[in-house]
Amino acid sequence: MSLQLDGIGYRYPNTAGTVLEQLDLRVATGRIVGVKGPSGSGKSTLLRIAALMQSADTGTVSISGERVDAGAPVSASLRRRIGVVPQSPRAATDPRLKLGAVLASPLAFRDRAWRPRQGRYTAALHRWCERVELDPGLLSRTAAEVSDGQLQRVLLARALLLDPAVLVCDEPTAQLDGQTTTLILRLLAEQAGRGAAVLIASHDRQSLESICHEVVQLGSLQRS
Amino acid sequence: MSRYRVLPLLVLAGALLFALVVPLGDPAAVHAVDLEAVYLAPGAGHPFGTDQLGRDVWVRSAQALRLSLLLALFSSVASTVIGVGVGVAAASAGGVLDRVAMRLIDTVNAVPHLLLGVVVLALWPGNWWAIVASIALTHWTQVARIVRARLVEVREAEYVALSRACGASPAAIWFTHLVPAVAPQAAIALVLQLPHAIWHESALSFLGVGLPPQSASLGLLLEDARGGILSGAWWLLVFPAALLVLVSWAAAALAHPVGFRPAGPRRAARHMRRAQAAAARPAAGPGGAYLATDGLTVCDPARPDRPPLVQEVDYLAHRGAVNMILGPSGAGKSTLLRALSGLLSPQLQADGRILVDGRALGPRDLAVERGRRLVFVPGSAATALNPVRSVGAALGRERRRHGLDASIPALATSLAELDLAPRLLNHYPHELSGGQAQRVVLALGLVAGCDILVLDEPTSALDPDSAGILQGVLRRLADTGCTVIMVTHDQQLAQRLGDRVALLVNGRLTAQGSVAELLGPRRMPSATEQSVEAL
């Protein structure tokens, strides 16, 4: 239940200069590591690589000891062990789906459904709504009909739904109110308490310091 | 259903009934020649008159409409199927196949449709399926283009990446995200092709390359009318032509995208009443107020069961001040901000007044003000920028539009004011970080200089250094007389930067006043915590 990055290198296509070069990072089981760095330093790219949403040019990512080399295909069962909390909840939600379907999708995809339906999972979804303090009535709405804070709660529940071994959060509390921020940080800490390795990028120094065991500066991760 | 669709639906239903029922009564009448009743004017027995062979135009029109509709339906379905197939293949294969498909579309579009249709029919004359093929083979290109563009766009969406990241199979991605995004587009394309196909079939038959002359289709009937019209038999032209026009119009009207809602007389009257009532009250707020709302309510007419998003808000933003709007998530902060900027989604309905400098502005006035005196900076800045225009191109265009110097040094200077490096001029929006994009959007908004700057959570996605720079810029703007209105959830920021603050809870304004009154003296963390409790 750990996350390990070895010798990660990445450059944007068609641009000079690398964003990430020979980068190492290890998040042990039950630990919460925060990444900070100025705008444009590659935090989001690093997190997408760690979550296996994007392949690096070089290096390997290990999820609970299972190694994935740069460019290698990733199995669905490995993906299900990684939870992702996105930076912008709006962009990360299909505007045509009801929030119930959005929330149920990890379960539905695991059960090989082609299209997520909340009906089968109602009891589980309602339990999760309670955990993220969300009115279950909102599950019958679409993303356009709820606020950013409510949407981020849905996406947090979705990330935690399959009890992930690794949790990757890109600015999970940006643009949210104090109450939602507190809730999200608490649930992330709980997941770490269950043995998950949690990686967070944030500008919010205060929330980073309040829950992270360790905060690293992106520039300092390069091999010397 | 919208009432704007009832009439075309009735017309289409009537036409279908006519086409299906009338020939059933006397199937033989379609081709029954009666040389003693040639060119009879409409009257008893022959409601639409008779043609040059004494055949009944009423029955023949119905039969013709039936045939034309059937051929048009087959043609539209066939062309939609081909179009969707090519679009899906091009989008999913990519690379060479994609480029070949796109060039094929260009080529087909370059050939005159009627010419291609005539060639196909010359090879297989008089066959109904040749007509279907000739229409389908020339009209699939538009569907293919729409489907491909939509697929490529949705496939790259963040929500698809997230679904893939939680283990969705390719089939699940298709049926969860891609098909629902493409299907409505394909359906609209299909319905829009229907009238076009009717027209196309008629044109081919009229030209004499369509169906055999003895059969009845709208095009053949019109061709027959050519001879009759010279001898005064106007009914031969008028009735089939009217059917063609009515059915084409009804099908096109039904395909018209929804969401278009002109202000009906009832809404106009309500606005008038409200305006009169408002005029009776004193217009301007207390001294110094620049932007104000008066009983502003925003609700979703499609969801009458839900409480309004913003309810009876009387808000005041002061000139030359940083006006903060604070509130928990879901309180309606962003909705209020969008209403102030005249950017509400068209599905929502706003009532009440918005006053700028004591003058009430309607949504249309706000749209005019926006971009001139009122600048709106959205929260998700990256999506607000045109993805195909570099930062330099966007900024240069904006400066030229206002008659300002658009040289590279001038552009670099305006970026430097927001602490952005000159090299970013060559970057495209997807190459910017969240913080950089936010500042580029602000730089674009500030080109013309503005009176009212409206920002939705501008600093939340920024690192502390960039946030500090942005706050400095906002402070400077306010000190030079600009009205800055910003939504935030960050109490400390409100206390540090704000002059005035308004608290919004459940769509209602619960308090507003100076920061010192509501949040206590500046830079006092303990007071912040208390007001968090108060929220």
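Rules used throughout
- Residues numbered from 1 in each chain as written.
- Chains lettered and ligands numbered in written order.
- Predicted model: local features only at pLDDT ≥ 70, side-chain atom pairs only at ≥ 80, totals over all residues.
- Heavy atoms only, no water.
- Helix = DSSP H or I, 4+ residues; strand = E, 2+ residues; numbered from the N terminus.
- Buried < 20%, exposed > 50% of the residue type's maximum accessible area, 1.4 Å probe, protein only.
- Contact = heavy atoms within 4.5 Å.
- Areas by Shrake-Rupley, 256 points an atom, 1.4 Å probe, with all protein chains shown as cover.
- Pairing = 2+ DSSP bridges.
- Axes fitted to C-alpha atoms, helices over the stretch in contact; angles between N-to-C directions.
- Polar contact = N/O pair within 3.5 Å; in protein donor to acceptor, adjacent residues only side chain to side chain.
- pLDDT = per-residue confidence, 0-100.
- Parallel < 35°, antiparallel > 145°, perpendicular 65-115°, else oblique.
- Nonpolar A, V, L, I, M, F, W, Y, C, P; charged D, E, K, R; others polar.
- Core = buried A, V, L, I, M, F, W, Y, C linked by side-chain atoms within 4.5 Å.
- Phe/Tyr/Trp six-rings, centres within 6.5 Å; stacked < 30°, edge-to-face > 60°.
- Salt bridge = Lys/Arg side-chain N within 4 Å of Asp/Glu carboxyl O.
- Expected span 1.5 Å × (residues − 1).
- Arc of directions from axis to C-beta.

### Points about the overall build of chain A
Next up, step 1: Tallying secondary structure elements over chain A gives seven helices and nine strands in all.
Next up, step 2: Looking at chain A residue by residue over its 224 residues, the buried ones come to 54%.
Next up, step 3: Counting contacts in chain A only where the partners sit at least 6 residues apart, residues at least 24 apart contribute 69% of the total.
Next up, step 4: Accessible area of chain A: about 9100 Å², with a carbon and sulfur share of 48%.

### Remarks on the sheet that holds strand 5 (residues 66-69) of chain A
Residues and elements named next belong to chain A.
Next up, step 1: Within the open sheet, the four strands sit side by side as 2-1-4-5. Their pairing is antiparallel. Each of the sheet's edge strands pairs with one partner strand only, and the pair in question is strand 2 (20-27) and strand 5. Taking each pair of neighbouring strands and ignoring which way they run, the sheet shows an average axis angle of 15°.
Next up, step 2: Pairing geometry for strand 1 (residues 3-10) and strand 4 (residues 58-63), over five bridges, is antiparallel. Of the residues in strand 4, the one forming a bridge with Leu5 is Val61.

### Thoughts on the side chain of His139 of chain B
Residues and elements named next belong to chain B.
Next up, step 1: By the element assignment, His139 lies in helix 5 (residues 128-139).
Next up, step 2: Only 2.8 Å separates the side chain of His139 from the backbone oxygen of Ile135, close enough to count as a polar contact.
Next up, step 3: For His139, the side chain forms a polar contact with the side chain of Thr138, separated by 2.9 Å.

### Side note on the confidence of the model for chain B
Residue and element names in this part refer to chain B.
Next up, step 1: Averaged over all residues, the pLDDT of chain B is 80; the fraction at 70 or higher stands at 88%.
Next up, step 2: When the elements of chain B are averaged for pLDDT, helix 20 (residues 525-534) gives the smallest value, 43, and helix 2 (residues 57-93) the largest, 92.
Next up, step 3: Note that residues 258-269 has pLDDT below 50 and, in this model, six contacts with residues that lie over four places away or in other chains.
Next up, step 4: Long-range and interchain partners of residues 271-289, a stretch whose pLDDT sits below 50, account for 15 contacts in this model, where long-range means more than four residues apart.
Next up, step 5: Two summary scores accompany this predicted model of the complex, namely pTM at 0.65 and ipTM at 0.90.

### Concerning the packing of helix 14 (residues 391-401) of chain B against helix 15 (residues 408-416) of chain B
Residue and element names in this part refer to chain B.
Next up, step 1: At a minimum axis distance of 10 Å, the contact between helix 14 and helix 15 shows a crossing angle of 100°. What the angle tells us is that helix 14 and helix 15 run roughly perpendicular. Where helix 14 approaches helix 15, its residues Val391, Gly392, Leu395, Gly396 and Arg399 are matched on the opposing element by Ala410, Leu411, Ser414 and Leu415.
Next up, step 2: The residue inventory of the contact of helix 14 with helix 15, partitioned by class, reads five nonpolar, three polar and one charged.

### So, the nonpolar core
Next up, step 1: Counting 77 residues, the largest nonpolar core has Leu3, Leu5 and Leu199 of chain A as its most contacted members.
Next up, step 2: With residues near it in sequence (within four places) discarded, Leu199 of chain A still touches Leu3, Leu25, Val27, Val33, Val35, Leu47, Ala50, Leu167, Val168 and Cys169 of chain A.
Next up, step 3: In this structure, Val441, Ala443, Leu477 and Leu519 of chain B belong to the second largest nonpolar core, which totals 42 residues.

### Side note on the packing of aromatic side chains
Residues and elements named next belong to chain B.
Next up, step 1: Tallied over the full model, the rule gives ten aromatic pairs over all chains.
Next up, step 2: Ring centres of Phe48 and Phe239 lie 4.0 Å apart, and the angle between their planes is 5°; this geometry places the pair in the stacked category. Here the residue Phe48 occupies a position in the loop between helix 1 (6-25) and helix 2, and Phe239 occupies one in helix 10 (residues 235-255), the gap between them amounting to 191 residues. Here Phe48 and Phe239 have matching classes, each one buried.

### Let's talk about the pattern of salt bridges
Next up, step 1: In this structure the tally under the stated criterion is 24 salt bridges over all chains.
Next up, step 2: Among the ionic pairs, Arg186 of chain A bridges to Glu133 of chain A, the shortest N-O distance being 3.3 Å. With a gap of 53 residues between them, Arg186 of chain A in helix 6 (residues 178-193) and Glu133 of chain A in the loop between helix 4 (122-131) and helix 5 (148-160) connect regions that are remote in the sequence.
Next up, step 3: Taking relative accessible area as the criterion, Glu133 of chain A reaches 45% and is therefore assigned partly exposed.
Next up, step 4: Among the salt bridges present, the one from Arg150 of chain B reaches Glu153 of chain B, with a minimum N-O distance of 3.2 Å. Residue Arg150 of chain B and its partner Glu153 of chain B are both found in helix 6 (residues 141-155); the two are separated by three residues, about one turn of the helix.
Next up, step 5: Through salt bridges that share partners, Arg131, Glu133, Arg186 and Glu190 of chain A make up one connected network.

### Here we look at helix 3 (residues 95-110) of chain B
Residue and element names in this part refer to chain B.
Next up, step 1: Taking 1.5 Å of rise per residue, 16 residues should cover 22 Å, and helix 3 covers 23 Å from first to last C-alpha, within 8% of that figure.
Next up, step 2: All of the buried residues along helix 3 are Asp98, Ala101, Met102, Ile105 and Val108. Taken around the axis of helix 3, the buried residues stretch over an arc of 125°, which confines them to a single face. The exposed set on the far side of helix 3, more than 90 degrees from its buried face, consists of Val96, Arg99, Val100 and Ala110.
Next up, step 3: On the buried face of helix 3, the contacting elements are helix 2, helix 4 (113-123), helix 5 and helix 6.

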